[in-house]
Amino acid sequence: MVLIFPLLIPLLGAFTVLLCKSPRVAVRVALGVGALEMIAIGNAVVRVYTTGALQAGEYLRADSLTAFFLINIGLIFALVLVYSVGYLRHIPEGRFSSPRWFYGLVFLFLFTMIAVYLSANLGLLWISVEATTLASAFLVGFYNTKGAVEAGWKYLIVCTVGIAFALFGTITFYLAAVRCGIPQDTALNWTVLMNAAPRLAAAPQLLKLAFVFIVVGYGTKIGFVPMHSWLPDAHAEAPSPISALLSAVLLNCAMYAVLRFDAITARALGPGFSHHLLLIFGGLSITVAAFLMIVQRDLKRLLAYSSIEHMGIVALGVGIGGPLGLFGALLHAFNHSLAKTMLFFTTGDVRENYGTLRMDRIRGMARTLPWTSGAMIAGGLAIVGMPPFGLFVSEFIILTAAFTQGSYLIAALILVALSVAFGAMLFHFQHMLGGESHTTRVRPKAFLTDLAPTAVCVACLLVLGLRIPPVFTNLLHSAMAVLQ
Amino acid sequence: MGLVDIAAAKTLASSAVFIFITLLLLASAKRTRTCIVLFSMQGAVVTAQILATAYVHRSAEAYAIAFLVLVIKVLAIPYLLLRIVDRLNMPREVKASTTSAQSVFITAALILLSFLVVQPYVRAFNIDEDMLAAAIALVLTGCFLMVSRKKALMQVIGLLVLENGVFLAALTSTFGMPLVIEIGIFFDLLMGVFLMGLFVFRIRDTFDHLDVSKLRRLRG
């Protein structure tokens, strides 16, 4: 039952919210459902932390890795719900673009992402990842403008094709397992496969073929270059809370799927093959994304490319491997989600006050929007990896891993990409913050629902940057143990 | 050898050829409606193939999967797509960036290519060569249709053809995945087509055309 509730609450919540005709009631119901969901997730995480992996039936399972990512999704989702209260005031009541549709779709989206984390079966994992695309496509196209519809269509088509390749990879994985003598009805069960991994070494060709398709398929969703074309469009055109969810939770979800496959492949064939593949995609992603950040004109596209860059760093951390590399990668995924959520939240305020997100038209933010600017500076410093924020620590750990393993080329690549990204962020942000503003302020004061989530993000990033709580370190270590 | 055994053996032996025929016809088709009907026929060939496999291997699960394919791929999805075409009330040509002759030629080349790439796996794993090649050809042709056709609906059909290929590959190499998982995949597919249909209407309403090659506001 512990694992059923986190799935059931958002699913029922989605339909309950859709029944609420009045926007105010819908917001309250959504917050109530959200609170219940946080309790359910918290309960599951505590149970896993204290008693070890939980299994519910044949298809649901939660181990420490699941628990770690559940904390990530629970925290970010709670922040998004609170932020949306203030954000939704400027959404007019339309046919499919009212608060109740927003919350209904968001809860469906949450349901599918929780299902990804709780899947014990690789087939169910695929179904859930595909369902995340379907649930979020309308959220990306929520504004119904030309750009939003185009971005939604592109997102739907590109990700569905990518995910179809992942299905092909999953099937090949299944074939390899069956050929190696694992019974058909358990040959997609992750725990069974992980335990039987040494036996899978009997079919190295099939396993390698499968992993290539898995990385390309799920990599499309992570936003690995060159399959990233949907990502900047979707992040830029979606409403700001949705951009935060896409960047901070959905990308991690897809990364989680790759981690699960990587663990089996690495155990069966040794880390050489799968980790090298991740190094290639990660290296390509950080390099291309960092340079493309320089030429961006739209603030949210800039942040989207930064997401590609950071997912590349996570992939490099996993690819470098060893306890240190994996620790850094998981920590970095968590840190990135906090910093990026915060930055996407500030873009909502910017759009409302300037009516645009074109960075060349935004000047003098520091004077007109002091609170938002403060948040943006803090978020900007965090995302480029400045101390005392958490991303500094995780990037430093990944770099240390690279140096201790002697992969100097990778280390150099990371350093170059980080410097370019740093320069690009600094250049764009100082242009927006400085100078004289042309617009008068639309809103008299910043809302509590805008500032509180940002404050939480800053606090978490500071804690993770200065002294990681021992509980969190323990959880991370047991999450790594799951994968090794 | 009973009549059913002969029919099953003949179906298994010849279904790959029928799939190739549907692929070549899809490449040459000029109207969206024709493509939808061809997709439905392709689904029918796949259904026959699964039925034959089910009969030969005496597998109850495979009968259930055949039923699912019949309902979803032969009837439900084509019906849904035809309804969309009717209600869209827009010009119905597929608007290809290659001529019919070129498309057929490219598809034929892709079929040849798929026979080449499956060779090592056929020998190593004792899988039916024609069917695996047909599966790969479906994937490749699906991709080709998606990039060469400009209409939004044709991209959906390309995607479905591609998915048919993945499905057929699963069927020929492993006799399909566990039934629960297959049902989930079909449900996702149906929802996907439904959502894409809704998006097609949105594209028409916001852009007044369905030519996705003209959707290029977002760049860089």
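Here the structure is a predicted model, which is why all the values come from computation and not from measurement. (Residues numbered from 1 in each chain as written. Chains lettered and ligands numbered in written order. Predicted model: local features only at pLDDT ≥ 70, side-chain atom pairs only at ≥ 80, totals over all residues.)

**Side note on the overall build of chain A**
Looking only at helices and strands, chain A has 20 helices and 2 strands in total. Its C-alpha atoms give chain A a radius of gyration of 21 Å, near enough to 23 Å, the size a compact globule of 484 residues would have. In terms of its C-alpha atoms, chain A occupies a principal-axis envelope of roughly 70 × 55 × 45 Å. Every one of the 484 residues in chain A was classed for burial, and the buried ones make up 62%. Sequence-distant contacts in chain A: of pairs separated by 6 or more residues, those separated by 24 or more amount to 78%. (Helix = DSSP H or I, 4+ residues; strand = E, 2+ residues; numbered from the N terminus. Rg over C-alpha atoms; globule rule 2.2 N^0.38 Å. Buried ≥ 20, exposed ≤ 12 C-beta atoms within 10 Å, placed from the backbone. Contact = placed C-beta atoms within 7 Å.)

**Side note on the overall build of chain B**
The helix and strand tally for chain B stands at 7 helices and 0 strands. Starting at the N terminus and walking to the C terminus, you meet the elements of chain B as α-α-α-α-α-α-α. Taken over the C-alpha trace, chain B has a radius of gyration of 18 Å; the compact-globule value for 220 residues is 17 Å, and the two agree within 12%. Seen along its three principal axes, the alpha-carbon backbone of chain B occupies a region of about 60 × 35 × 35 Å. In chain B, once contacts between residues fewer than 6 apart in sequence are set aside, the share between residues at least 24 apart is 73%.

**Here we look at the interface of chain A and chain B**
Across the contact, 34 residues belong to chain A and 31 residues belong to chain B. Of all elements in the fold, only helix H5 (122-140) and helix H6 (146-179) of chain A reach the threshold of two or more residues within the side of chain A that touches chain B. Of the residues forming the side of chain A that touches chain B, the biggest block, 19 residues, is contributed by H6 of chain A. Classifying every residue of the side of chain A that touches chain B by side-chain character gives 20 nonpolar, 8 polar and 6 charged. (Nonpolar A, V, L, I, M, F, W, Y, C, P; charged D, E, K, R; others polar.)

**A few points about the confidence of the model for chain B**
Here chain B averages 88 in pLDDT, while 97% of its residues score no lower than 70. Note on the complex model: pTM 0.95, ipTM 0.93. (pLDDT = per-residue confidence, 0-100.)

**Regarding the packing of helix H2 (residues 32-57) of chain B against helix H6 (residues 152-174) of chain B**
Residue and element names in this part refer to chain B. Packing of H2 against H6 leaves a shortest axis separation of 11 Å and a crossing angle of 10°. What the angle tells us is that H2 and H6 run roughly parallel. Residues Thr 32, Cys 35, Ile 36, Phe 39, Gln 42, Val 46, Ile 50 and Thr 53 of H2 form the contact with H6, whose participating residues are Leu 153, Met 154, Ile 157, Leu 160, Val 161, Asn 164, Leu 168 and Leu 171. (Axes fitted to C-alpha atoms, helices over the stretch in contact; angles between N-to-C directions. Parallel < 35°, antiparallel > 145°, perpendicular 65-115°, else oblique.)

**Some remarks on the packing of helix H4 (residues 100-125) of chain B against helix H5 (residues 129-148) of chain B**
Residues and elements named next belong to chain B. Running from N to C, H4 and H5 cross one another at 140°; their axes reach a closest spacing of 8 Å. In terms of their interaxial angle, H4 and H5 are classed as oblique. As H4 runs across H5, the sense of the crossing is right-handed. Contacts between H4 and H5 involve Ser 103, Ile 106, Thr 107, Leu 110, Ile 111, Leu 113, Ser 114, Phe 115, Val 117, Val 118, Tyr 121 and Val 122 on the former and, on the latter, Glu 129, Leu 132, Ala 133, Ile 136, Ala 137, Leu 140, Thr 141, Phe 144 and Ser 148. Broken down by class, the residue content of the contact of H4 with H5 amounts to 15 nonpolar, 5 polar and 1 charged. (Left-handed = near helix turned anticlockwise from the far one by under 90°.)

**Quick word on unusual backbone geometry**
Residues and elements named next belong to chain A. Looking along the chain, the bond that leaves Val 225 and enters Pro 226 is cis, with omega of 10°. Position of Pro 226 relative to the elements: it lies in the loop between helix H9 (204-222) and helix H10 (230-237). For the bond running from Pro 387 to Pro 388, omega is 10°, close enough to zero to count as cis. For Pro 388, the position within the fold is in the loop between helix H16 (370-383) and helix H17 (390-404). Of note, the phi angle at Asn 144 is positive, near 60°, even though the residue is not glycine. With respect to the secondary-structure elements, Asn 144 resides in the loop between H5 and H6. Its 16 C-beta neighbours within 10 Å are what place Asn 144 among the partly exposed residues.

**Some words on helix H4 (residues 99-118) of chain A**
For H4 of chain A, built from 20 residues, the straight-helix expectation of 28 Å at 1.5 Å per residue is met to within 8% by its first-to-last C-alpha distance of 28 Å. Most of H4 of chain A is tucked away: 19 of the 20 residues are buried. (Expected span 1.5 Å × (residues − 1).)

**Some remarks on helix H14 (residues 322-354) of chain A**
For an α-helix, 3.6 residues make a turn, and residues three or four places apart therefore share a direction. For H14 of chain A, with 33 residues, the first-to-last C-alpha span of 47 Å sits near the 48 Å given by 1.5 Å per residue. Looking at the residues trailing H14 of chain A, positive phi occurs at Gly 355 of chain A, about 70°.

**Comments concerning the domain arrangement of chain A**
All names here are of chain A. Along its sequence, chain A is carved into domain 1 (1-120), domain 2 (136-269) and domain 3 (271-484). One C-alpha centre belongs to domain 1, the other to domain 3, and the line joining them spans 25 Å. With 15 residues of domain 1 at the interface, the matching set in domain 3 holds 20 residues. Of all the elements, helix H3 (residues 64-87) adds the most residues to the side of domain 1 that touches domain 3, at 12 residues. When grouped by side-chain class, the residues that make up the side of domain 1 that touches domain 3 number 10 nonpolar, 4 polar and 1 charged. (Domains from an automatic or database assignment.)

**So, the environment of Ile 4 of chain A**
Within the secondary structure, Ile 4 of chain A is located in helix H1 (residues 4-19). Taking the C-alpha atoms as reference points, Ile 4 of chain A and Leu 60 of chain A, separated by 56 residues in sequence, lie 8.4 Å from one another.

**Things to note about the environment of Met 376 of chain A**
In this structure, Met 376 of chain A sits in helix H16. On a C-alpha basis, the gap between Met 376 of chain A and Ala 366 of chain A in space is 9.7 Å, while along the polypeptide they are 10 residues apart.

**A look at the environment of Phe 344 of chain A**
Residue and element names in this part refer to chain A. On the secondary structure map, Phe 344 appears in helix H14. Sequence separation between Phe 344 and Ser 243 is 101 residues; the distance between their C-alpha atoms is 6.7 Å. Those residues in contact with Phe 344 that lie beyond four places of it in its chain are Ser 240, Ser 243, Ala 244, Ser 247 and Leu 303.

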